[in-house]
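Listed here are the chains, written in short residue letters.
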Amino acid sequence: MTEPTLVFDDDCGFCTWWAEFFDDRTDVRIVGFTDLTPELRERLPEDYENCSHFVTDDAVHSCGASLEEGLARVDDAGVVREAVGFLRNFEDYERLREQGYRRVADNRDFWGQYLSKTPPVRREE
């Protein structure tokens with residue numbers, strides 16, 4: 001694998017909105033759960049369907065860390081990347097990032113009322 005890859009729930013409208021947001025603004029490859037290759041699936045945690053994942057050659061970033069990696073690439077040399085680097089200096093940051101991710105992920109139906117796109121698995125070809 002040579003390109004960074006965002007793995008997401010491709011049966012979720014809110015998740016699809018985020019995936020397409022990254023697809024439009026970065027060079028990150030987007031792969032839904034239903035399109036995982038055996039090699040990519042092998043790199044993911046056992047309970048991979050619980051959140052999104054950002055996979056690089058060196059690491060797998062899951063849940064809040066996956067979106068953090070994607071957002072940093074939207075503005076690769078700018079203020080977002082700098083803000084992420086700054087926030088990583090605080091010991092509570094990771095815990096707060098993951099709590100925020102979980103709060104939003106557990107309420108995808110609510111957030112999907114405002115930010116949603118038809119998921120790939122529900123699109124008619």
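Look up a bit, the structure's there.
Residues numbered from 1 in each chain as written. Predicted model: local features only at pLDDT ≥ 70, side-chain atom pairs only at ≥ 80, totals over all residues. Heavy atoms only, no water.

## Quick look at the pairing of strand β1 (residues 5-8)
Put simply, side chains in a regular strand alternate between the two faces of the sheet. Where burial is concerned, the two faces of β1 agree: the one with Thr 5 and Val 7 and the one with Leu 6 and Phe 8 are both buried. When β1 meets strand β2 (residues 29-32), the two strands line up parallel, connected through 4 bridges. Considered in β2, the bridge of Thr 5 is made with Arg 29. After leaving β1, the chain enters helix α1 (residues 13-25) and then returns to the sheet as β2, a path that is right-handed. In this structure, β1 lies alongside strand β3 (residues 53-55), joined through 3 bridges in antiparallel fashion. Residue pairing in the sheet places Val 7 in a bridge with His 53 of β3. (Buried < 20%, exposed > 50% of the residue type's maximum accessible area, 1.4 Å probe, protein only. Helix = DSSP H or I, 4+ residues; strand = E, 2+ residues; numbered from the N terminus. Pairing = 2+ DSSP bridges. Right-handed = clockwise from strand over helix to strand, strands pointing away.)

## Side note on the side chain of Glu 69
Relative to the assigned elements, Glu 69 resides in helix α3 (residues 64-74). Those residues in contact with Glu 69 that sit more than four places away from it in its chain are Phe 54, His 61 and Arg 88. (Contact = heavy atoms within 4.5 Å.)

## Structural notes on the state of the cysteines
Summed over the entire model, instances satisfying the criterion amount to 1 disulfide. At a sulfur-sulfur separation of 2.2 Å, the disulfide partner of Cys 51 is Cys 63. Taking the sign of the S-S torsion, -70° for the link of Cys 51 and Cys 63, the bridge is left-handed. With Cys 51 in the loop between α2 (38-43) and β3 and Cys 63 in the loop between β4 (60-62) and α3, this residue pair connects regions lying 12 residues apart in the sequence. For Cys 51, a relative accessible area of 7% corresponds to the buried category. (Disulfide = S-S within 2.5 Å.)

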